[in-house]
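Coordinate inspection notes
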Amino acid sequence: MIDSSYSENPCLRQTLKLQELLASLAASDCEFVVIGSSALALQGWDVTPSDLDLFTYNSEVDRIRSLLDVGQDKAAWIEDGEARRVECETRLGPVDIYLDVSGDLTFDRVEKESVVIVFGREGHSVKVGSLAHVRDMRAAVGRTPVPVDSIPPAHKNETPHVIAIDGPAGAGKSTVTRALARHLGFTYLDTGAMYRSVTLAVLEQRADPDDHGEIARIADGVEIGFRGGKVYLGDRDVTAAIRSPNVTEATPHIAAFPEVRSAMVKRQRQLFTEGAYVAEGRDMGTVVAPDAPLKIYLTASPEERARRRSLETGEPVTEVLMAIEERDELDSGRKLSALKAAEDAVVIDTTGRSIDEVVEELAGLARDRGIV
Ligand code: DC
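The domain architecture assigned to the protein chain consists of domain 1 (10–151), domain 2 (155–186 + 278–372) and domain 3 (187–275). Centre-to-centre, using C-alpha coordinates, domain 2 lies 19 Å away from domain 3. Counting residues at the interface gives 23 residues for domain 2 and 20 residues for domain 3. Regarding the contact of domain 2 and domain 3, the summed buried area is about 1700 Å², with carbon and sulfur atoms giving 57% of it.

Here Ser-197 is to be found in helix 7 (residues 191–204). A relative accessible area of 0% places Ser-197 in the buried class. When residues no more than four places from it in sequence are discounted, the contact partners of Ser-197 are Ile-224, Val-231, Leu-233, Val-238 and Ile-242.

This paragraph deals with the pattern of salt bridges. Enumeration according to the criterion identifies 20 salt bridges in this entry. A salt bridge links Glu-60 to Arg-63, with the nearest nitrogen and oxygen atoms 2.9 Å apart. Taking relative accessible area as the criterion, Arg-63 reaches 36% and is therefore assigned partly exposed. Salt-bridge contacts for Glu-113 lead to Arg-109; the nearest nitrogen and oxygen are separated by 3.3 Å. On the criterion of helical spacing, the pair formed by Glu-113 and Arg-109 is a turn pair, its members being four residues apart in helix 4 (residues 107–113). Taken together, the salt bridges that share partners define one network made up of Arg-85, Glu-87 and Asp-96.

This part is about the confidence of the model for the protein chain. With 92% of its residues at a pLDDT of at least 70, the protein chain reaches an overall mean of 87. For the stretch residues 1–16, pLDDT sits under 50, and the model shows 24 contacts to residues farther than four places along the chain or on other chains.

A separate point is helix 13 (residues 317–333). Under the 1.5 Å per step criterion, the end-to-end length of helix 13 is 24 Å for 17 residues, consistent within 8% with the ideal 24 Å. All buried positions along helix 13 are accounted for by Val-320, Ile-324, Arg-327, Asp-328 and Asp-331. The buried residues of helix 13 occupy one face: seen down the axis, they fall within an arc of 110°. Turned more than 90 degrees off the buried face of helix 13, the exposed positions are Thr-318, Met-322, Glu-326, Glu-329 and Gly-333.

Formed by 65 residues in total, the largest nonpolar core has its most connected members in Phe-55, Ile-163, Leu-180, Ile-296 and Leu-362. At six residues, helix 14 (residues 355–368) tops the list of elements feeding residues into this core. Two domains share this core, each providing at least three of its residues, namely domain 1 (10–151) and domain 2 (155–186 + 278–372). Apart from the residues within four sequence positions on either side, Ile-163 is in contact with Leu-180, Leu-184, Phe-186, Tyr-277, Val-278, Ala-279, Leu-294, Ala-366 and Ile-371. Judged by nonpolar contacts, the second largest core, of 35 residues, contains Val-222, Ile-242, Ile-254 and Ala-255.

The next subject is the pairing of strand 2 (residues 52–56). Burial of strand 2 is extensive: five of the five residues sit out of reach of the surface. Of the two faces of strand 2, both are covered, the one formed by Leu-52, Leu-54 and Thr-56 as well as the one formed by Asp-53 and Phe-55. Summarising the sheet, strand 1 (residues 32–35) and strand 2 pair through four bridges and their orientation is antiparallel. What sits directly across from Ile-35, in strand 2, is Asp-53. By the bridge criterion, four bridges tie strand 2 to strand 5 (residues 93–98) in an arrangement that is parallel. Residue Phe-55 lies in a different strand from strand 5, and its bridge partner there is Tyr-98.

With respect to the element layout, Ser-150 can be found in the loop between helix 5 (131–140) and strand 8 (162–166). Look at Ser-150 and you get buried, because its relative accessible area is 12%. Of note is the side chain of Ser-150, whose polar atom sits 2.7 Å from the backbone oxygen of Pro-147. For Ser-150, the residues in contact, after removing those within four places along its chain, are Trp-45, Asp-46 and Val-47.

Rules and cut-offs
- Residues numbered from 1 in each chain as written.
- Predicted model: local features only at pLDDT ≥ 70, side-chain atom pairs only at ≥ 80, totals over all residues.
- Heavy atoms only, no water.
- Domains from an automatic or database assignment.
- Contact = heavy atoms within 4.5 Å.
- Buried area = accessible area lost by both parts, 1.4 Å probe.
- Helix = DSSP H or I, 4+ residues; strand = E, 2+ residues; numbered from the N terminus.
- Buried < 20%, exposed > 50% of the residue type's maximum accessible area, 1.4 Å probe, protein only.
- Salt bridge = Lys/Arg side-chain N within 4 Å of Asp/Glu carboxyl O.
- pLDDT = per-residue confidence, 0-100.
- Expected span 1.5 Å × (residues − 1).
- Arc of directions from axis to C-beta.
- Core = buried A, V, L, I, M, F, W, Y, C linked by side-chain atoms within 4.5 Å.
- Pairing = 2+ DSSP bridges.
- Polar contact = N/O pair within 3.5 Å; in protein donor to acceptor, adjacent residues only side chain to side chain.

The structure is reproduced here in structure tokens:
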């Protein structure tokens, strides 16, 4: 799991396979939060992963120690100011298991405010402390706020200036993405509108949907523009037309053409070299901008998503729910750029939460990562 030369050769410290280590931990049913330099590394910061700090309930400590296969002689209780921790020397490297750090940084608070990072195999996720938690914890044990030579994700060379927001229809993506872009002064990009525009052109030109060459020609040739909150095909305002029911129904099929996807991905990547964007779609974090310094996967329960759409369109909730489930299946089931959370995406469930609350949380994550 960890390169055997990890502890002997400091130059090889980056070979610590943090994600694999955490994946094996996440496979257990232990309640824990990852915090410290490791949390920064998982959030894209360039840090030399040193100790892995787990933050957990007192009652879980023994269970985690046995999970890590730590013998009595390899674990020591440390009282360090207000910090109480078990320092373990495991086969995998050093792991500190924290209980309380300071009056403010209780397990309950950290667990409530931590973000869920998805990685590794399907269904594997782990809670990761925020930068604020990392700072509080390090301050409590007398360390600098972040490791001195760490680099925030946005300051690394070649990092595209984009916040990637993916998720299924009705999760609140458009509203949240638009509001976040306004809040940060970034440009908003609706990539769904690009796929809808290609579909409108295909339908208007009555192209044969089995003719890949013809569809590719249209996807390469369409001039899609965003001006003043409106969408244009050439000079024509198509903002309303691309939301018509027949375009909505045909778009997942057209968006599944490899030729269409590669044409759109190329344009989106070009845009990201020209300015600062908050971009929403289905494959922003997984395909278009895998190096984005912040990737968000917004989701909500199907019922909540249907309820929101029904309020917008006036259609009955049950019908919207069926349509949403059908579209989810098409978007998630396609071979190319299927809808799924990037391994290191922060998953945010918007069910029952206000837009302002979610936008505030995302803006906080953008600040934590040095994006603004
Ligand atoms: O977000 P939306 O409902 O406007 O998206 C319309 C369709 O386009 C939807 O079926 C998913 C698809 N789409 C995609 O395949 N990739 C994207 N990046 C954005 C949207």
